[in-house]
Amino acid sequence: MASDIADSGTVQMPAAFARTSLPGRIIFSDGAVGLLAGELDQRELRRVMLIVASHDARLAERGSDVLGERVQLRWDEVRQHVPLELAQRATDAATAAGIDVLVAIGGGSTTGLGKAISVATGLPLAVVPTTYAGSEMTPIYGLTSDNDKKTARDMRALPSIVVYDPQLLITLPAAVIGPSGLNALAHCAEALWAANADPITDALALDGAGRIHQHLVTAYSTEDPAARGHVLIAACLAGIALGTVGTSLHHALCHLLGGMFDTPHAETHAIMLPYAVSYLQPAVPAAARRLAQAMDADERALPGSIWSLGQSVGTPAGLRSIGILEDQIPAITQAALTRKLPSPRPLEYAALHDALRAAWAGQPPG
Ligand code: NAD
């Protein structure tokens, strides 16, 4: 790679790094949810709390079928960003029922509730993810109270078993697939320029970005389980990479918007990503170059390529379409500066305001 060659023409030593790899068992196969009961039995985990959102009735039915009488408690109240009060009630129910393992089947919201209960009780958590949130691969969990979402890292939040089954994504609506896939791409991108990125997380993030580039449009526009499966692998890789190295400006901005205005998680990521990349690219040219290569894009046109991918998978038309008003842009910009959001490029009011204004309008990044 060009960035490994010094001006003198000699090959540079790779940058030093130290890392702790995240533990946990991962199973991926078409129909893999059928293996879940055996995995629990091997660990002598017999009293299950099954967490599936009430609106995901088919997932609940499938979960009940495969787990049978192991299910001691069904919990179907799931909300995005895990309200603290909800997590406390679910935790109390788990304790009262004397369960010994949590099984969460669903998107990032369902996984998030499982993580919160796992942290509070110390119970092991098995997750069957059915979106591309990638939360199942990170030790990060969040709780919301008083319109403020607080996130933390805790190894008890990391699932001990993750079962990926592309068949379960057949029912996933295209309107979820597109933004959720862009959410996974955002994990890949930021993992490349997070402060402690290393060659292993780079490899995961680049493979993830390449699969999203290759398969997301097909996963969005058809029910092809193979395409949906490749994007699921990408979401897994993205989650491991980001869960290992942490986040940067793009995630911090999305988090800020979610906290201030309760914007929908995946859609916020999908809208913001091209503009965040455009803002950061001058500060992380080598990482952006590799991301462009993985996505078969021209380096200078990377933000535009990400924007175009978003357009072809139904990204909403700018922050204005998810409830943000134009006259709120100055307050958002100021909040980013006041809170000193982490960023490899220093936060400059005018440039950041322009990036947020462009994201509000939803036009191609400049
Ligand atoms: P979500 O879990 O709310 O799911 C989105 C929608 O998809 C829901 O309406 C759900 O019912 C539906 N759905 C899910 N699976 C389905 C299926 N198989 N068939 C039909 N419909 C299905 O949204 P999300 O984007 O997956 O997750 C968002 C949440 O995850 C946020 O709270 C976010 O903060 C959190 N998250 C956390 C991390 C982390 O590392 N901690 C990473 C990413 C996201």
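Numbering of residues starts from 1 in every chain and runs along the sequence as written. Local features in this predicted model are restricted to residues of pLDDT 70 or higher, and side-chain atom pairs are both shown and tallied only at a pLDDT of 80 or more, whereas totals for entire chains, interfaces and linings draw on every residue. Processing note: side-chain calculations cover all non-hydrogen atoms of the structure and skip hydrogens and water entirely.

### Observations regarding the site of the ligand
In step 1: Throughout this document, a residue counts as near a molecule or strand when at least one of its heavy atoms sits within 4 Å of that molecule or strand. Surveying the vicinity of the ligand reveals 24 residues, the closest of which are Asp56, Thr130, Thr131, Thr138 and Lys149.
In step 2: The contact in question runs from an oxygen atom of the ligand to an N or O atom on the side chain of Asp56, over 2.7 Å.
In step 3: Measuring from an oxygen atom of the ligand, one finds a backbone N or O atom of Gly108 at 2.8 Å.
In step 4: The helix count covers DSSP runs of H or I at least four residues long, the strand count covers runs of E at least two residues long, and both are numbered beginning at the N terminus. Where the shell around the ligand is concerned, the elements lending two or more residues are α4 (108-121), α5 (174-193) and α9 (265-280).
In step 5: A per-element tally of the shell around the ligand places α4 first, with three residues. A 3.5 Å cut-off defines polar contacts: any pair of N or O atoms within that distance qualifies, except that in protein one atom must be a possible hydrogen donor and the other a possible acceptor, and neighbouring residues in sequence count only when both atoms are side-chain atoms.

### Quick word on the pairing of strand β6 (residues 140-145)
Consecutive side chains of a regular strand alternate in pointing toward one face of the sheet and then the other.
In step 1: The pairing of β6 with strand β7 (residues 148-153) spans six bridges and is classified as antiparallel. Bridge pairing in β7 places Gly142 opposite Thr151.
In step 2: In this analysis, strands are considered paired if DSSP registers two or more bridges between them. Hairpin geometry of β6 and β7 is characterised by an intervening segment of two residues between the two adjacent antiparallel strands and by a positive phi of about 50 degrees at Asp146.

### Considerations on the pairing of strand β8 (residues 161-164)
In step 1: Summary of the burial criterion: residues with accessible area below 20% of their type's maximum are buried, those above 50% are exposed, and those between are partly exposed, where the area comes from a 1.4 Å probe applied to protein chains only. Side chains of β8 alternate between two faces, with Ile161 and Val163 and Val162 and Tyr164 buried alike.
In step 2: In terms of strand pairing, strand β1 (residues 25-28) meets β8 through four bridges, oriented parallel. The partner of Ile26 across the bridge, within β8, is Val162.
In step 3: One ladder, built from two bridges, connects strand β5 (residues 125-129) with β8; its direction is parallel. Across the sheet, Val127 pairs through a bridge with Val162, a residue of β8.

### Here's the deal with the pattern of salt bridges
In step 1: Salt bridges are defined as contacts in which a side-chain nitrogen from Lys or Arg sits within 4 Å of a carboxyl oxygen from Asp or Glu. A complete count under the given rule lists 16 salt bridges for this structure.
In step 2: Residue Glu39 is joined to Arg25 by a salt bridge in which the shortest nitrogen-to-oxygen separation is 2.7 Å. Residue Glu39 is found in helix α1 (residues 36-42), and its partner Arg25 is found in strand β1; the two are separated by 14 residues along the sequence.
In step 3: On the basis of relative accessible area, Glu39 is assigned to the buried category, the value being 5%.
In step 4: Assessed through its relative accessible area of 39%, Arg25 is described here as partly exposed.

### Regarding the domain arrangement of the protein chain
Size of an interface: often given as the accessible area lost when the parts come together.
In step 1: As assigned here, the protein chain comprises domain 1 (25-169) and domain 2 (174-361).
In step 2: Centre-to-centre, using C-alpha coordinates, domain 1 lies 26 Å away from domain 2.
In step 3: In this assembly, 21 residues from domain 1 lie in contact with 27 residues from domain 2.
In step 4: By buried area we mean how much accessible surface two parts lose on assembly, using a 1.4 Å probe and totalling the loss over both. Interface of domain 1 and domain 2: buried area, both sides summed, is about 1900 Å²; carbon and sulfur atoms make up 63% of it.
In step 5: Per-residue buried area on domain 1 facing domain 2 is highest for Phe28, Tyr132 and Leu169; these three make up 35% of the total on that side.
In step 6: Our count for the domain 1 to domain 2 interface comes out at zero salt bridges.
In step 7: Seen at the junction of domain 1 and domain 2, the total is seven residue pairs in polar contact (both at pLDDT 80 or more).
In step 8: Here the element with the most residues in the side of domain 1 that touches domain 2 is β7; it accounts for three residues.
In step 9: Ten residues, namely Ala, Val, Leu, Ile, Met, Phe, Trp, Tyr, Cys and Pro, are considered nonpolar, four, namely Asp, Glu, Lys and Arg, are considered charged, and the remaining ones, Gly among them, are considered polar. Along the lines of polarity and charge, the residues of the side of domain 1 that touches domain 2 split into ten nonpolar, eight polar and three charged. Each domain span listed reflects an automatic or database assignment of domains. Every residue pair with non-hydrogen atoms within 4.5 Å of one another is taken to be in contact.

### Concerning the packing of α5 against helix α6 (residues 199-221)
In step 1: Simply put, an axis is a line fit to the C-alpha atoms, just over the touching stretch for a helix, and the angle between two N-to-C directions goes from 0 to 180 degrees. At a closest axis distance of 9 Å, the pairing of α5 and α6 adopts a crossing angle of 160 degrees. In terms of axis orientation, α5 runs roughly antiparallel to α6. By crossing handedness, the relation of α5 to α6 is classed as left-handed. Where α5 abuts α6, its residues Ala174, Ile177, Gly178, Gly181, Leu182, Ala184, Leu185, Cys188, Ala191 and Leu192 lie against Asp202, Ala205, Leu206, Gly208, Ala209, Ile212, Leu216, Ala219 and Tyr220.
In step 2: Grouping the amino acids of the contact of α5 with α6 by side-chain chemistry returns 15 nonpolar, three polar and one charged. An angle counts as roughly parallel when it lies under 35 degrees, as roughly antiparallel when it exceeds 145, as roughly perpendicular when it falls between 65 and 115, and as oblique in every other case. It is the rotation of the near helix from the far one that decides the hand of a crossing: anticlockwise by less than a right angle makes it left-handed, clockwise makes it right-handed.

### With respect to the packing of aromatic side chains
In step 1: The aromatic pairing rule takes the rings of Phe, Tyr and Trp, using the six-membered ring of Trp, and pairs them if the centres are within 6.5 Å, calling planes under 30 degrees apart stacked, those over 60 edge-to-face and the rest tilted. Considering all chains together, one arrives at zero aromatic pairs under this definition.
In step 2: Only Lys NZ and Arg CZ are tested; either one counts as a charge over a ring when it is within 6 Å of the ring centre and within 35 degrees of the ring normal. The side chain of Arg345 reaches across the aromatic face of Tyr279, ending 4.0 Å from its centre.

### Some thoughts on the sheet that holds β1
In step 1: Spatial strand order, β1-β8-β5-β4-β2-β3: six strands in an open sheet with parallel pairing. Of all the strands in the sheet, just β1 and β3 (71-75) have a single pairing partner and so form its edges. If you compare each strand with its neighbour and ignore which way they point, the axes differ by 15 degrees on average.

### A few points about unusual backbone geometry
In step 1: We note that Glu44 has phi near 55 degrees; this positive angle belongs to a residue other than glycine.
In step 2: Take Glu44: it is sitting in the loop between α1 and β2 (48-51).
In step 3: Even without a glycine there, the phi angle at His81 is positive, about 70 degrees.
In step 4: Tracing the chain through its elements places His81 in the loop between β3 and α3 (84-97).
In step 5: On the accessibility criterion, His81 (13% relative accessible area) is buried.

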